[in-house]
Amino acid sequence: MSKKIAVILSGCGVYDGAEIQESVITLLRLDQRGAQVQCFAPDIAQLHVINHLTGETMPESRNVLVESARIARGDVKDIREANAEDFDALIVPGGFGAAKNLSNFAVEGAGCSVNPQVLELAEAFAESGKPVGLICISPALAAKIYGPGVTCTIGNCADTAAALDKMGATHQECAVEDIVEDQARKLVSTPAYMLGKNISEVASGINKLVDRVLELTHEND
């Protein structure tokens, strides 16, 4: 029986939303492995909009759910409709949207908070012992979801790792093509573009993460 996986997107574009390549690699691997996928995103305004050509802030507002629909080809639902009981696992791709829209980590660092709807859903997966995959910068949410002592990785960025440690997480350095697993919590993380230099490197780690998350869903079969 195919597994049902929830994927949380945070917009569309590395600098102000979900990292597109990470998101597509995740969705591709899930499909290749026969999983049933439903994307979700919060129905909120982005922190800001970045011109991805120049890096400059643009004088406009965009909606996270509407922008996420670009990646999901329209098949995305408001995260308020998500119920952890309906799924076997959760995966959150990276991109600055995870640190700007799903949380305010990009602004507040270790003192950040997570969007209440995102946190409620992620906590429900954690509390029910269902596997969770966090990619790129999204492991910054791990300590908020699981509490102190959770093990995760964002690669080897010293400043970001220090912030995670300050939040109560245990950061473990990791190569781009590898994963870090907190076995007790069934949490899997990989650095992706926190460390990767090209899409092939990033795909190697994300594919391992997706494969491991799916393996963990079968532990109680």
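Keep in mind the model is a prediction, meaning the values are calculated, not measured.

How each quantity is defined
Residues numbered from 1 in each chain as written. Predicted model: local features only at pLDDT ≥ 70, side-chain atom pairs only at ≥ 80, totals over all residues. Heavy atoms only, no water. Helix = DSSP H or I, 4+ residues; strand = E, 2+ residues; numbered from the N terminus. Buried < 20%, exposed > 50% of the residue type's maximum accessible area, 1.4 Å probe, protein only. Contact = heavy atoms within 4.5 Å. Areas by Shrake-Rupley, 256 points an atom, 1.4 Å probe, with all protein chains shown as cover. Phe/Tyr/Trp six-rings, centres within 6.5 Å; stacked < 30°, edge-to-face > 60°. UniProt positions renumbered as here; feature names shortened; annotations may be inferred. Core = buried A, V, L, I, M, F, W, Y, C linked by side-chain atoms within 4.5 Å. Salt bridge = Lys/Arg side-chain N within 4 Å of Asp/Glu carboxyl O. Axes fitted to C-alpha atoms, helices over the stretch in contact; angles between N-to-C directions. Parallel < 35°, antiparallel > 145°, perpendicular 65-115°, else oblique. Left-handed = near helix turned anticlockwise from the far one by under 90°. Pairing = 2+ DSSP bridges. Right-handed = clockwise from strand over helix to strand, strands pointing away.

**Q** An account of the overall build of the protein chain is needed here, citing residue identities and associated values.
**A** Across its full length, the protein chain holds eight helices and eleven strands. Along the longest, intermediate and shortest principal axes, the C-alpha atoms of the protein chain span 50 × 35 × 35 Å. Here the protein chain holds 221 residues, and the buried ones make up 53% of them. Taking the intrachain contacts of the protein chain between residues at least 6 apart in sequence as the baseline, contacts between residues at least 24 apart amount to 69%. Accessible surface for the protein chain amounts to roughly 9,700 Å². Of this, 47% is attributable to carbon and sulfur atoms.

**Q** Describe in detail the environment of Leu-28, supporting the description with residues and values.
**A** Assignment of secondary structure puts Leu-28 in helix α1 (residues 20-32). Taking the C-alpha atoms as reference points, Leu-28 and Asn-207, separated by 179 residues in sequence, lie 9.2 Å from one another.

**Q** Any chance you could break down the packing of aromatic side chains for me, citing the residues and the numbers?
**A** Using the criterion set out here, one finds one aromatic pair in the structure. Between Phe-40 and Phe-87, the ring centres sit 5.6 Å apart and the planes meet at 90°, which makes this aromatic pair edge-to-face. Taken together, the positions of Phe-40 in strand β2 (residues 36-41) and Phe-87 in the loop between β5 (76-78) and β6 (89-92) put the pair 47 residues apart, joining distant regions of the chain. For Phe-87, a relative accessible area of 11% gives the class buried.

**Q** Any chance you could break down the UniProt feature "domain: DJ-1/PfpI" (unreviewed entry) in the protein chain for me, citing the residues and the numbers?
**A** Within this structure's numbering, the places UniProt gives as "domain: DJ-1/PfpI" (unreviewed entry) are residues 16-153. As annotated, residues 16-153 has a helix share of 33% and a strand share of 17%, and its two end C-alpha atoms lie 21 Å apart.

**Q** So what's going on with the nonpolar core? Which residues, and what values?
**A** With 37 residues, the main nonpolar core has Ile-8, Leu-90, Phe-105, Phe-125 and Leu-187 as its most contacted residues. Of all the secondary-structure elements, those providing two or more residues to this core are β1 (4-8), β6, α3 (97-100), α5 (116-127), β7 (132-135), α6 (142-146) and α7 (158-167). Apart from the residues lying within four places of it in its own chain, the contact partners of Phe-125 are Ala-6, Ala-84, Phe-87, Asp-88, Ala-89, Leu-90, Lys-130, Pro-131 and Val-132. Ile-5, Val-64, Ala-89 and Cys-136 belong to the second largest nonpolar core, which has 30 residues in total.

**Q** Requested: an account of the pattern of salt bridges, with residues and values cited.
**A** Taken as a whole and judged by the stated rule, the model has twelve salt bridges. One salt-bridge network, in which partners are shared between bridges, spans Glu-60, Arg-62, Glu-67 and Arg-70.

**Q** Break down the packing of α1 against helix α8 (residues 199-217) for me, citing the residues and quoting the values.
**A** Direction vectors running N to C along α1 and α8 enclose 45°, while the axes themselves pass 9 Å from each other. Regarding the angle of α1 to α8, the classification is oblique. The two elements α1 and α8 meet at a crossing, and its hand is right-handed. Contacts between α1 and α8 pair Gln-21, Glu-22, Ile-25, Thr-26, Arg-29 and Leu-30 from the former with Ile-199, Val-202, Ala-203, Ile-206, Asn-207, Val-210, Asp-211 and Leu-214 from the latter.

**Q** Kindly report on unusual backbone geometry, identifying the contributing residues and their values.
**A** A positive phi is found at Lys-186, a non-glycine position, where the angle reads about 55°. Here Lys-186 shows up in the loop between β10 (180-182) and β11 (187-190). For Lys-186, a relative accessible area of 14% gives the class buried. Residue Ala-192 is not a glycine yet carries a positive backbone phi of 50°. Mapped onto the elements of the fold, Ala-192 is located in the loop between β11 and α8.

**Q** Quick one: what's the story with the pairing of β1, residue by residue and with numbers?
**A** In terms of burial, β1 is largely enclosed, as four of its five residues are buried. Relative to β2, β1 is paired through five bridges, and the arrangement is parallel. Counted as the bridge partner of Ala-6 is Gln-38 from β2. Viewed along the sheet, the connection from β1 through α1 into β2 turns out right-handed. One ladder, built from three bridges, connects β1 with β6; its direction is parallel. When the sheet's bridge partners are listed, Ala-6 is paired in β6 with Leu-90.

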